[in-house]
Amino acid sequence: MCYLIKIEYEMILEDSLWIIRNCPKCGGKTHYKNTKKFRINANGNKLDIWLIYQCAECKHMFKLTIYERRKASSISKEEYQRFLDNDERLAELYGKNMQLFGTNKANIDFDRLHYDFVKLHETTESSRLEEQIIITIKNPCQIKIRSEKQIAMVLGPSRNQVKGLLANGEIEIKLELRQSLSFGISPCLFPMVL
């Protein structure tokens with residue numbers, strides 16, 4: 001009997017994203033890091049909420065807009081209290097939100113990106129076809145990482161080895177989207193992913 005083995009991984013960011021921007025105090029492009037602090041400004045019943053980033057060299061501040069001119073009633077009391085308390089977990093969550101950085105037109109420093117791949121689950125089903133192994137890597141943050149690098153990090157070989165396996169047909173990319181990558185591997189390579 002043949003089997004279809006499905007393994008699912010998820011790419012997770014290990015820490016907040018860094019920003020590259022011009023610093024008026026340093027006089028050039030520098031790196032800004034997440035301070036894990038929020039700033040809130042109230043004007044009538046409208047709120048502005050920012051995540052504070054700071055130049056790693058001189059501590060100059062940059063405000064990353066989370067909410068702008070938002071009605072206070074549209075933000076849950078729990079989340080608002082977390083902003084007031086400078087909740088570090090909430091600051092980390094916003095510091096990893098790629099969409100927030102895109103909205104703010106903030107340039108992310110991809111060289112300082114720290115991420116890992118976590119195995120979510122594995123299933124085995126009987127199959128009428130030949131034995132197959134399908135691996136899916138979820139990329140919820142939509143980080144731009146080459147497919148062969150993702151495969152190499154999950155399976156273990158070098159990127160050059162993965163390129164060779166792709167060229168030989170031992171690894172076949174099934175689906176490649178910004179938020180997901182699925183590929184099939186030859187059953188003889190299966191011990192590599194255990």
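Quick look at the structure, then. (Residues numbered from 1 in each chain as written. Predicted model: local features only at pLDDT ≥ 70, side-chain atom pairs only at ≥ 80, totals over all residues. Heavy atoms only, no water.)

## Brief notes about the side chain of E8
Okay, step 1: If you trace the backbone, E8 turns up in strand 1 (residues 2-13).
Okay, step 2: Of the residues examined, E8 reaches a relative accessible area of 17% and is grouped as buried.
Okay, step 3: At 3.1 Å, the side chain of E8 and the side chain of K138 are in polar contact.
Okay, step 4: Setting aside chain neighbours within four positions, we find E8 in contact with V118, K119, L120, H121, T136 and K138. (Helix = DSSP H or I, 4+ residues; strand = E, 2+ residues; numbered from the N terminus. Buried < 20%, exposed > 50% of the residue type's maximum accessible area, 1.4 Å probe, protein only. Polar contact = N/O pair within 3.5 Å; in protein donor to acceptor, adjacent residues only side chain to side chain. Contact = heavy atoms within 4.5 Å.)

## As for unusual backbone geometry
Okay, step 1: Of note in the backbone geometry, K36 takes a positive phi value of approximately 65° without being a glycine.
Okay, step 2: Positionally, K36 belongs in strand 3 (residues 28-43).
Okay, step 3: Its relative accessible area of 26% is what places K36 among the partly exposed residues.
Okay, step 4: With a phi close to 50°, K105 is a non-glycine residue in the positive phi region.
Okay, step 5: Here K105 lies in the loop between helix 3 (98-103) and strand 6 (107-108).

## As for the packing of helix 1 (residues 77-84) against helix 2 (residues 88-95)
Helix packing for two helices is described by the angle between their axes and how far apart those axes are.
Okay, step 1: Between helix 1 and helix 2, whose axes approach to 8 Å, the crossing angle comes to 100°. Relative to helix 2, helix 1 is oriented roughly perpendicular. Contacts between helix 1 and helix 2 involve E79, R82 and F83 on the former and, on the latter, R89, L90 and Y94. (Axes fitted to C-alpha atoms, helices over the stretch in contact; angles between N-to-C directions. Parallel < 35°, antiparallel > 145°, perpendicular 65-115°, else oblique.)

## So, the side chain of E148
Okay, step 1: Within the secondary structure, E148 is located in helix 4 (residues 147-155).
Okay, step 2: Here the side chain of E148 touches R159 through a polar contact of 3.4 Å, side chain to side chain.
Okay, step 3: Once residues lying within four places of it in the same chain are set aside, the contact partners of E148 are R159, V162, K163 and L166.

## Brief notes about helix 2
Side chains that are three or four residues apart share a direction in an α-helix, a result of its 3.6 residues per turn.
Okay, step 1: Those residues of helix 2 not exposed but buried are L90, A91, E92, Y94 and G95.
Okay, step 2: Summarising the contacts, the buried residues of helix 2 are in contact with strand 3, strand 4 (46-55), strand 5 (61-71), helix 1 and helix 3.

## Here's the deal with the pairing of strand 9 (residues 171-177)
Okay, step 1: One ladder, built from six bridges, connects strand 9 with strand 10 (residues 180-185); its direction is antiparallel. The partner of E172 across the bridge, within strand 10, is G184. (Pairing = 2+ DSSP bridges.)

## Let's talk about the pattern of salt bridges
Okay, step 1: By the definition in use, this model includes ten salt bridges.
Okay, step 2: Salt-bridge contacts for K96 lead to E92; the nearest nitrogen and oxygen are separated by 3.8 Å.
Okay, step 3: Judged by its relative accessible area of 23%, K96 falls in the partly exposed class.
Okay, step 4: Given the relative accessible area of 16%, E92 is considered buried.
Okay, step 5: If you follow the salt bridges from partner to partner, you end up with K36, E92 and K96 in one network. (Salt bridge = Lys/Arg side-chain N within 4 Å of Asp/Glu carboxyl O.)

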